[in-house]
Amino acid sequence: MPNTVIIGAQWGDEGKGKIIDFLAKKSDAVVRFQGGSNAGHTVVVNNEKFIFHLIPSGILYPGKKCIIGNGVVVDPKVLVAEIKDLQSRGIDLNSLYVSNQAHVVMSYHKQIEEIEERQRGRRKIGTTKRGVGPAYTDKIARRGIRMGDLLDRDVLTEKLRMNLSFYRDFYRLDLSLEDLLEEYLDYGRKLKRYITDTSLLIHQLMRQRKSILFEGAQGTLLDVDYGTYPYVTSSNSSAGGVCVGAGIGPTQIDKVFGVAKAYTTRVGEGPFPTEIKGEVGEMLKERGKEYGSTTGRPRRCGWFDGVILRYAARVNGMDGLILTKLDVLDVLERIKICVAYKYKGRIIRNFPSELRILEECEPIYEEIKGWREDTSRITMPKKLPEQAQKYLRKIEEIGKVRICLLSIGPQRGDLLVLR
Ligand code: GDP
Ligand code: IMO
Ligand code: MG
């Protein structure tokens, strides 16, 4: 398989973990390039459920190199716990690598996030409270602590001193340098064997013509540039984030695929034009088990949004679409699909780049009859009910992108290869 990027095409939780696990089988390495432990990627194998927050979702295949790239913000406490949990379940972690240039999420980043969310009041973002935003803030402000720094007492002491003085002045946080120093040096000792120059490692793999999967976290609509700003995460979760987050050039990427659910969900605050408030929304939430993999919060549910798909296809340069959770729609009598928005009486076909416009957009729907058949046991694409095939064609037509993989259940094998 060539070097392939998998990103979320909606607001996250599209089922990326399951797809990465499937594609990892035919790849040599899987790389996370942005985000932090705000991500929760689920893989279900033989009814055993794994939820990955930092470790790439290819780790269940022994020997596949799993790389946490420089663009990720790493909470070492979470990483140590994740490693321990996987080891206790018999998973081999000898091929895990963590970038020495990845920035560290410190415990005080979570405290700062709490303060900032409180200050936002009515305009709070509804973050996952994993300290991700403040860690990226420190990175851009050039005071961040990097994974490599956890291996050097002198460097870490100096950086901590500077940061604690800043946070004392700015947030009146009174933190103990000694305690933080010892806690984070200890994480450094525990993680030392994994920490390395991952950009160089990826380069070497590419020179050996190995195939690499790049695993996006969050989704296009949560991208700090292209998402519903400010209701977004603090990294570039669209395909553009791969190069800087992994240390490669655009010429080294062969294919980009977006993952979308057959409907839409969103966790946290912010506009969501096709949100369903009421019975059908509740039904999708229950059938789709739409509760956050990281925070357990219920996800808001809505109809499939074709305007968003067209936008995601554009800003990611998508070569194809991977559609998940079609089975969740099996019981519906009628299914709506958003083809455009209406704004102040005008029809809008392109996703608006301004929040105040998006907030006033109303979806324009087309409706099809549901198929009302169990799709979760289908093993051949041509056996899909006619109405389901019609639904897929409609999505392709609206999004101007082909569906290549279709997921019809949470288990590893619940997949149909369409192209
Ligand atoms: P990610 O963050 O994009 O990896 O997605 P999550 O793991 O947060 O959420 C996706 C959820 O849907 C998980 O609970 C998966 O086990 C589940 N899932 C994935 N694909 C399917 C599917 O095709 N059908 C059903 N019913 N569940 C799925
Ligand atoms: P995966 O990788 C869904 C959302 C939060 C909040 C906003 C900002 O599992 O798809 P943050 O903690 O990042 O500062 O929160 O982004 N969010 C996600 N929603 N899936 C995710 O990850 C998410 N990661 C962050 O709910 O609205
Ligand atoms: Mg998730």
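The model shown is predicted, which means the values in this text are computed figures rather than measured ones.

Asks: Is there a simple way to think about the site of ligand 1 in this case?
Replies: Near ligand 1 there are 19 residues, and of these K16, G17, T42, D327 and S407 occur at the shortest range. Between ligand 1 and the protein, one listed contact pairs a nitrogen atom with a side-chain N or O atom of D327 at 2.8 Å. Out of a free accessible area of 580 Å², ligand 1 has 93% covered by protein chains. Contributing elements (two or more residues each) for the shell around ligand 1: α1 (16–24) and β3 (41–45). Partitioned by chemical class, the residues of the shell around ligand 1 number four nonpolar, eight polar and seven charged. Summarising the domain contributions, the shell around ligand 1 has at least three residues from each of domain 1 (4–98 + 195–256) and domain 3 (260–417).

Asks: Which parts of the structure should I look at to understand the nonpolar core?
Replies: In a soluble, globular protein the nonpolar side chains are often hidden away together inside. Residues I59, V74, L79, Y108, M147 and L160 are the most contacted members of the largest nonpolar core, which totals 44 residues. Among the elements of the structure, β3, β4 (48–52), β5 (65–68), α2 (76–88), β7 (96–99), α3 (107–120), α5 (153–171) and α6 (177–191) are those that each provide at least two residues to this core. Residue-level mapping places this core at the junction of two domains, with at least three residues from each of domain 1 (4–98 + 195–256) and domain 2 (104–191). With sequence-adjacent residues up to four places away left out, L160 is seen in contact with M106, Y108, I145, L177, L180 and L181. Core analysis: the next-biggest nonpolar cluster, separate from the first, contains 37 residues, L326, A340, I368 and L406 among them.

Asks: What am I meant to see in the packing of aromatic side chains here?
Replies: The geometry of an aromatic ring pair is captured by the separation of the ring centres together with the interplanar angle, meaning the angle of the planes. Using the criterion set out here, one finds eleven aromatic pairs in the structure. Centre to centre, the rings of Y167 and Y171 are 5.9 Å apart; their planes meet at 40 degrees, and the pair counts as tilted. In this pair, Y167 and Y171 both sit in helix α5, four residues apart, roughly one turn of the helix. An aromatic cluster is built from Y108, F166, Y167, F170 and Y171, whose rings are joined through pairwise contacts. Its end group placed over the ring of F50, R89 keeps NZ or CZ at 4.1 Å from the ring centre.

Asks: I keep staring at the coordination of the magnesium ion (ligand 3) and nothing clicks. Help me out?
Replies: Ideal values differ by geometry: the angle at a metal is 109.5 degrees with four tetrahedral donors, but 90 or 180 degrees with six octahedral donors. Distances from the magnesium ion (ligand 3) to its protein donors, D13 (OD) and G40 (O), fall at 2.0 to 2.2 Å. Within this pair, whereas D13 is found in the loop between β1 (4–8) and α1, its partner G40 is found in the loop between β2 (29–32) and β3, the two being separated by 27 residues in sequence.

Asks: Any chance you could explain the environment of R349 here in plain terms?
Replies: Tracing the backbone through its elements, the reader meets R349 in the loop between β17 (346–348) and α11 (355–358). Along the sequence, R349 and V339 sit ten residues apart, while their C-alpha atoms lie 7.6 Å from each other. If near-sequence neighbours (up to four positions away) are discounted, R349 is found in contact with V307, R310, V339 and A340.

Asks: Would you take a moment to explain the site of ligand 2 for this structure?
Replies: Close to ligand 2 lie 20 residues, the nearest being D13, K16, H41, T128 and T233. Residue G126 places a main-chain N or O atom 3.5 Å away from an oxygen atom belonging to ligand 2. T128 places a polar side-chain atom, nitrogen or oxygen, 2.6 Å from an oxygen atom of ligand 2. The protein chains hide 97% of the 550 Å² of surface that ligand 2 would expose on its own.

Asks: Is there a simple way to think about helix α12 (residues 386–399) in this case?
Replies: For an α-helix, 3.6 residues make a turn, and residues three or four places apart therefore share a direction. The end-to-end C-alpha separation of α12 is 20 Å, in line with the 20 Å expected for 14 residues at 1.5 Å each. If you check which residues of α12 are buried, you get Q387, A388, Y391, L392, K394, I395, E396, I398 and G399. Buried positions along α12 lie against β14 (304–305), α10 (306–316), β15 (320–324), β16 (334–343), β18 (362–369) and β19 (403–407). Two residues or fewer after α12 comes K400, characterised by a positive phi angle close to 55 degrees.

Asks: Would you explain the domain arrangement of the chain in this entry?
Replies: By a frequent convention, interface size equals the accessible area lost on bringing the separate parts together. We note that the domain assignment places domain 1 (4–98 + 195–256), domain 2 (104–191) and domain 3 (260–417) within the chain. Put simply, the middle of domain 2 and the middle of domain 3, counted by C-alpha atoms, are 37 Å apart. Tallying the contact residues gives seven residues for domain 2 and seven residues for domain 3. Between domain 2 and domain 3, the buried area comes to about 490 Å², and carbon and sulfur atoms account for 40% of it. Taking the shortest distance from any N to any O, the salt bridge between E269 and K124 comes out at 3.7 Å. Counting every contact that joins domain 2 to domain 3 gives four residue pairs in polar contact (both at pLDDT 80 or more).

Rules and cut-offs
Here the residue numbering is sequential within each chain, running from 1 through the sequence in written order. Chain A is the first chain written and ligand 1 is the first ligand written, with later ones labelled in order. Only residues with pLDDT of at least 70 are given local features in this predicted model, and only at 80 or more are side-chain atom pairs given and counted; all residues enter the totals for whole chains, interfaces and linings. Side-chain metrics in this entry use all non-hydrogen atoms of the structure; hydrogen atoms and water are not considered. The nearness test applies per residue and asks whether one of its heavy atoms lies within 4 Å of the molecule or strand. Pairing of N or O atoms within 3.5 Å defines a polar contact, subject to two protein rules: one partner must be a possible hydrogen donor and the other a possible acceptor, and residues neighboring in sequence count only if both atoms are side-chain atoms. Residue exposure ignores everything except the shown protein chains as possible cover, and the areas themselves are Shrake-Rupley values with a 1.4 Å probe. Counting from the N terminus, the helices are DSSP H or I runs at least four residues long and the strands are E runs at least two residues long. Just so you know the grouping, Ala, Val, Leu, Ile, Met, Phe, Trp, Tyr, Cys and Pro go in nonpolar, Asp, Glu, Lys and Arg go in charged, and all remaining residues, Gly too, go in polar. An automatic or database domain assignment supplies the start and end points of every domain. In plain words, nonpolar cores are sets of buried Ala, Val, Leu, Ile, Met, Phe, Trp, Tyr and Cys residues tied together by side-chain atoms within 4.5 Å. Think of it in three bands: with a 1.4 Å probe and only protein chains considered, a residue is buried below 20% of the maximum accessible area for its type, exposed above 50%, and partly exposed in between. The criterion used for residue contact is that any of the two residues' heavy atoms lie within 4.5 Å. Note on aromatic contacts: the rings of Phe and Tyr and the six-membered ring of Trp form a pair at centre separations within 6.5 Å, being stacked when their planes are under 30 degrees apart, edge-to-face when over 60 apart, and tilted otherwise. We count a charge as sitting over a ring when the NZ of a lysine or the CZ of an arginine lies within 6 Å of the ring centre and within 35 degrees of the ring normal. For Na, K and Ca the donor cut-off is 3.2 Å, and for all other metals it is 2.8 Å, counting N, O and S atoms only; because water is absent from this set, sites may look incomplete. A helix is expected to reach a length of 1.5 Å times the quantity of its residues less one. The term buried area means the drop in 1.4 Å probe accessible area that two parts suffer when joined, counted for both and summed. Should a side-chain nitrogen of Lys or Arg be within 4 Å of a carboxyl oxygen of Asp or Glu, the pair is scored as a salt bridge.

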